[in-house]
Amino acid sequence: MLLIFAYVLAGVYLLAINLYAFLLVRSQKRTSREDSARGGRRKIILAGALGGSAAAYAALLALRFKTDDMLLMLLLPVLAVVNVGITFFLLRGIALLPF
């Protein structure tokens, strides 16, 4: 029962952080149109490092926002691979724990 709870909790967390990352990119695009302000790269990278890199990268491509920023275009796919690996090994490790 505890194992199922851990899987559900991990799934809800990943869904929430990916939704946050997507909405963050969308809101930054809207504010950059209005204010023509630069920046916000740190928040996108932080959201990606916390597990939302796939959604942040997809949002950058889908919304055509900051596609000329090479740091984001290279770092977010790398973070996505790292996030998938960490998630796989953590969930696999939870399954191997004796309860």
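Residues numbered from 1 in each chain as written. Predicted model: local features only at pLDDT ≥ 70, side-chain atom pairs only at ≥ 80, totals over all residues. Heavy atoms only, no water.

1. Some thoughts on the packing of aromatic side chains
Here is step 1: Per the stated rule, a full pass over the model turns up 1 aromatic pair.
Here is step 2: Seen from their ring centres, Phe88 and Phe89 are 5.2 Å apart, and the 70° between their planes marks the pair as edge-to-face.
Here is step 3: We classify Phe89 as exposed; its relative accessible area is 54%. (Phe/Tyr/Trp six-rings, centres within 6.5 Å; stacked < 30°, edge-to-face > 60°. Buried < 20%, exposed > 50% of the residue type's maximum accessible area, 1.4 Å probe, protein only.)

2. What to know about the layout of surface pockets
Here is step 1: Approximately 250 Å³ is the volume attributed to the largest pocket.
Here is step 2: Considering the residues around the largest pocket, the lining is formed by 14 residues, among which Ala10, Tyr13, Leu14, Thr87 and Leu90 are closest to the centre.
Here is step 3: For the lining of the largest pocket, the secondary structure elements donating two or more residues are α1 (2-35), α2 (41-62) and α3 (70-96).
Here is step 4: At 6 residues, the largest contribution of residues to the lining of the largest pocket is made by α3.
Here is step 5: Class assignment for the residues of the lining of the largest pocket results in 11 nonpolar, 3 polar and no charged. (1 Å grid on protein atoms, 1.4 Å probe; cavity = no way out; pocket = protein on both sides within 12 Å on 5 of 7 lines; lining within 4 Å. Points joined across faces, edges and corners; volume = space filled by probe spheres on them. Helix = DSSP H or I, 4+ residues; strand = E, 2+ residues; numbered from the N terminus. Nonpolar A, V, L, I, M, F, W, Y, C, P; charged D, E, K, R; others polar.)

3. Describing the confidence of the model for the chain
Here is step 1: For the chain, per-residue confidence averages 87 on the pLDDT scale, and residues scoring 70 or more make up 87% of the total.
Here is step 2: Model confidence for the chain, summarised as mean pLDDT per element, is weakest for α3 at 87 and strongest for α2 at 93. (pLDDT = per-residue confidence, 0-100.)

4. Focus on the pattern of salt bridges
Here is step 1: Per the counting criterion, the structure on display carries 1 salt bridge.
Here is step 2: A salt bridge links Asp69 to Arg41; the shortest N-O distance between them is 3.2 Å. Taken together, the residues span a long stretch of sequence, with Asp69 in the loop between α2 and α3 and Arg41 in helix α2 at a distance of 28 residues. (Salt bridge = Lys/Arg side-chain N within 4 Å of Asp/Glu carboxyl O.)

5. Considerations on the nonpolar core
Here is step 1: Within the largest apolar cluster, 14 residues are counted, with the highest numbers of intra-cluster contacts made by Ala21, Val25, Ile44, Ala56, Leu60, Leu72 and Leu76.
Here is step 2: Only α1, α2 and α3 provide two or more residues apiece to this core.
Here is step 3: When residues no more than four places from it in sequence are discounted, the contact partners of Leu60 are Val25, Phe65, Lys66, Thr67, Leu72, Met73 and Leu76. (Core = buried A, V, L, I, M, F, W, Y, C linked by side-chain atoms within 4.5 Å. Contact = heavy atoms within 4.5 Å.)

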